[in-house]
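One-letter residues, chain by chain:
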Amino acid sequence: MADLPTSAAPPAPDLIIYVDGASRGNPGPAGGGAVLKDAAGKTTQEIVLPLGKTTNNVAEYSALIAALEQAQIRKAKRIKVFSDSLLMVNQVTGIYRVRHPRILPLWDKIQSLLRPFEWEIVHIPRKANQEADRLANMAAARSEAGEKPSTPVPA
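Residues numbered from 1 in each chain as written. Predicted model: local features only at pLDDT ≥ 70, side-chain atom pairs only at ≥ 80, totals over all residues. Heavy atoms only, no water.

**Q** Give me the lowdown on the nonpolar core, citing residues and values where you can.
**A** The biggest cluster of nonpolar side chains holds 33 residues, and the ones touching the most others in it are Ile17, Val19, Leu64, Leu68, Ile79 and Ile110. Sorting the residues of this core by element identifies β1 (15–23), β2 (28–38), β3 (43–54), α1 (56–73), β4 (78–83), α2 (86–92) and α3 (104–114) as the ones contributing at least two each. When residues in this core are grouped by element, the largest group, 10 residues, is from α1. Contacts of isoleucine 79, omitting those with residues within four sequence positions, involve Pro13, Leu15, Ile17, Leu68, Ala71, Leu114, Phe117, Glu118, Trp119 and Glu120. Among the nonpolar cores identified, the runner-up in size contains nine residues, and Tyr18, Val48, Ala132 and Ala139 belong to it. (Core = buried A, V, L, I, M, F, W, Y, C linked by side-chain atoms within 4.5 Å. Buried < 20%, exposed > 50% of the residue type's maximum accessible area, 1.4 Å probe, protein only. Helix = DSSP H or I, 4+ residues; strand = E, 2+ residues; numbered from the N terminus. Contact = heavy atoms within 4.5 Å.)

Here it is as structure tokens:
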């Protein structure tokens, strides 16, 4: 009897990323948050990104951009991203088209940042994204307190 071909599981990611955005008022004081973990699941970096006044969608996209830039700095090869924004996940994967003029340049930047990676982005329930949610809310609070929009800052 001949051996049947088996499908190999895809290689494990060397970087696991959780992202979230928050906006108080939508638009309102907003921020992005991201958690980067190594292949063993150990947190290696937290990103808190105050964004000033903007929408939740812009905050979600901004958090992903900041995380992907860090993944490039770390020279990751394979990444797996988790987000509780079904809209963003479906737009990044091409299931939905991006039509909003404020989101389109962010989507373009994400597509460019994703090129060097083997990547996957997965929608997860909000409850499974609590770490990134905490960081996004911390960033939104910093925006509300008047902190200027910035590049990723320590938590």
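More follows now that the structure is in view.
**Q** I'd like to hear about the sheet that holds β2, residue by residue, with values.
**A** If you trace the five strands from one edge of the open sheet to the other, you get β3-β2-β1-β4-β5, paired in mixed fashion. Each edge of the open sheet carries a strand with a single partner, namely β3 and β5 (118–123). When strand polarity is set aside, the average angle formed by the axes of neighbouring strands in this sheet is 20 degrees. Taken together, the five bridges between β1 and β4 define a ladder with parallel strand orientation. (Pairing = 2+ DSSP bridges. Axes fitted to C-alpha atoms, helices over the stretch in contact; angles between N-to-C directions.)

**Q** Any chance you could break down the packing of α1 against α3 for me, citing the residues and the numbers?
**A** Two elements in contact, α1 and α3, have axes separated by 10 Å at closest approach and are oriented at 20 degrees. Judged on the interaxial angle alone, α3 and α1 are roughly parallel. Every pair of crossing elements has a handedness; the one defined by α1 and α3 is left-handed. Contact residues: Val58, Tyr61, Leu64, Ile65, Leu68, Glu69 and Gln72 in α1; Leu106, Trp107, Lys109, Ile110, Leu113 and Leu114 in α3. For the contact of α1 with α3, a count of residues per class yields 10 nonpolar, one polar and two charged. (Parallel < 35°, antiparallel > 145°, perpendicular 65-115°, else oblique. Left-handed = near helix turned anticlockwise from the far one by under 90°. Nonpolar A, V, L, I, M, F, W, Y, C, P; charged D, E, K, R; others polar.)

**Q** Talk me through the side chain of aspartate 20; I want residue IDs and the actual numbers.
**A** On the secondary structure map, aspartate 20 appears in strand β1. If sequence neighbours within four positions are ignored, aspartate 20 has contacts with Gly31, Gly32, Gly33, Ala59, Glu60, Ala63, Asp84, Asn129, Ala132, Asp133 and Ala136.

**Q** So what about the packing of aromatic side chains? Which residues, and what values?
**A** What the rule picks out here adds up to one aromatic pair. A centroid spacing of 4.9 Å and a plane angle of 20 degrees characterise the contact between tyrosine 18 and phenylalanine 82, whose relative ring orientation is stacked. Residue tyrosine 18 is located in strand β1, and its partner phenylalanine 82 is located in strand β4; the two are separated by 64 residues in the primary sequence. Here the two residues tyrosine 18 and phenylalanine 82 agree in accessibility, since each one is buried. (Phe/Tyr/Trp six-rings, centres within 6.5 Å; stacked < 30°, edge-to-face > 60°.)

**Q** I'd like to hear about the environment of serine 23, residue by residue, with values.
**A** Within the fold, serine 23 resides in strand β1. A relative accessible area of 17% places serine 23 in the buried class. C-alpha separation for the pair serine 23 and glycine 52, spaced 29 residues apart in sequence, amounts to 9.3 Å. Every residue in contact with serine 23, bar those within four places of it in the chain, is listed here: Gly28, Pro29, Ala30, Thr54, Thr55 and Asn56. Within the structure, serine 23 has its side chain in polar contact with the backbone oxygen of threonine 54 (distance 2.8 Å). (Polar contact = N/O pair within 3.5 Å; in protein donor to acceptor, adjacent residues only side chain to side chain.)

**Q** Account for α3, with residues named and values stated.
**A** Where α3 is concerned, the buried positions are Leu106, Ile110, Gln111, Leu113 and Leu114. Projected down its long axis, α3 carries its buried residues within an arc of 165 degrees, all on one side. In this structure, the buried residues of α3 make contact with α1, β4, α2 and β5. (Arc of directions from axis to C-beta.)

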